[in-house]
Amino acid sequence: MPHATSLRRAPVQRRSAERLARILDACAGLLDEVGYDDLSTRAVAQRAAVPIGSVYRFFGNKRQMVDALAQRNLERYAERVTERLRTAGDGGWREAMDVVLDEYLQMKRTAPGFSLVDFGNQIPVGARTEPNHRVADRLTELLSGYLGREPDEELRRVFLIAVETADTLVHLAFRVAPEGDPKIIEEMREMLRAYLARVLD
């Protein structure tokens, strides 16, 4: 569920929440098919099998709709990371980093619309100009307890640098190869481990 601040009206009833989910699912699928420039609220309404008024009840325009999709992506990503860490062994920050990276790569390869929107970095959506700050904040919340660290500014800065680095290199890997160039991904993994070892060991 996107944050209420990205919606004109937050769903209250289950039926309304299900309709919002269908709209965002339709938006994600159409992004893969036609791209952002050719995305239209009318096409989303048709794909979601809802009246066009239902789309405008939640979103003023397609930018707000895609922003909500980016926020939903982040929520789903956080849920997946949390679930994986819950069942992970005691591998410390290295295992946590692998979970964080592997779940992102999995979404990049399989989640509809994710390659165009991810967490809001790919196109200028909504009013947020720094989606990686939100990702770093969320990872600080999620991982501080797992790592036995205070979620302070130092840890947040470390995660922000790691997120910015990973963001750039993942996009390079996927420009080189459709599923992500494995050699670039492995180089990125080693680079992140070397950086994080200075701070987290």
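Because the structure is predicted, anything quoted here is derived from the model rather than measured.

Reading the values: rules and limits
- Residues numbered from 1 in each chain as written.
- Predicted model: local features only at pLDDT ≥ 70, side-chain atom pairs only at ≥ 80, totals over all residues.
- Heavy atoms only, no water.
- Helix = DSSP H or I, 4+ residues; strand = E, 2+ residues; numbered from the N terminus.
- Buried < 20%, exposed > 50% of the residue type's maximum accessible area, 1.4 Å probe, protein only.
- Salt bridge = Lys/Arg side-chain N within 4 Å of Asp/Glu carboxyl O.
- pLDDT = per-residue confidence, 0-100.
- Contact = heavy atoms within 4.5 Å.
- Phe/Tyr/Trp six-rings, centres within 6.5 Å; stacked < 30°, edge-to-face > 60°.
- 1 Å grid on protein atoms, 1.4 Å probe; cavity = no way out; pocket = protein on both sides within 12 Å on 5 of 7 lines; lining within 4 Å.
- Points joined across faces, edges and corners; volume = space filled by probe spheres on them.

Trainee: Which residues make up the environment of Asp-102, and what are the values?
Mentor: Within the element layout of this structure, Asp-102 appears in helix α5 (residues 92-110). Take Asp-102: its relative accessible area is 29%, and that puts it in the partly exposed class. When the C-alpha atoms of Asp-102 and Val-81 are compared, they prove to be 9.2 Å apart, with 21 residues separating the residues in sequence.

Trainee: Go over the pattern of salt bridges with me, naming the residues and quoting the values.
Mentor: As enumerated under the stated definition, the model contains 17 salt bridges in all. For Glu-18, the salt bridge goes to Arg-14, with nearest N and O atoms at 3.1 Å. Of this pair, Glu-18 and Arg-14 both sit in helix α1 (residues 14-34), 4 residues apart, roughly one helical turn. Relative accessible area serves as the criterion here: at 67%, Arg-14 is assigned to the exposed category. Between Glu-103 and Arg-84 there is a salt bridge, with the nearest N and O atoms lying 2.7 Å from each other. Of the two residues, Glu-103 is situated in helix α5 and Arg-84 in helix α4 (residues 62-87); the sequence distance between them amounts to 19 residues.

Trainee: Can you explain the confidence of the model for the protein chain? Please cite residues and give values.
Mentor: In this model, the protein chain carries an average pLDDT of 88, and 90% of its residues clear a pLDDT of 70 or more. Counting interchain partners and residues more than four positions distant, the pLDDT-below-50 stretch residues 1-5 has 15 contacts.

Trainee: Let's hear about the packing of aromatic side chains: which residues, and what values?
Mentor: Counted according to the given criterion, the structure contains 6 aromatic pairs. Here the aromatic rings of Phe-58 and Phe-59 are separated by 6.2 Å at their centres, their planes lie at 50°, and the arrangement is tilted. Take Phe-58: its relative accessible area is 2%, and that puts it in the buried class. Phe-59 sits in the buried class, given a relative accessible area of 1%. Considering the side-chain rings of Tyr-77 and Phe-119, the 5.2 Å spacing of their centres and the 45° angle between planes classify their relative orientation as tilted.

Trainee: Let's hear about empty space enclosed by the protein: which residues, and what values?
Mentor: Across all of its chains, the model carries 1 cavity of 30 Å³ or more by this definition. Computed from the structure, the largest cavity encloses a volume of approximately 320 Å³. Lining the largest cavity are 23 residues, with Tyr-77, Val-100, Leu-139, Val-163 and Ala-166 sitting closest to its centre. Listed by contribution, the elements that provide at least two residues to the lining of the largest cavity are α5, α7 (131-147), α8 (153-176) and α9 (182-200).

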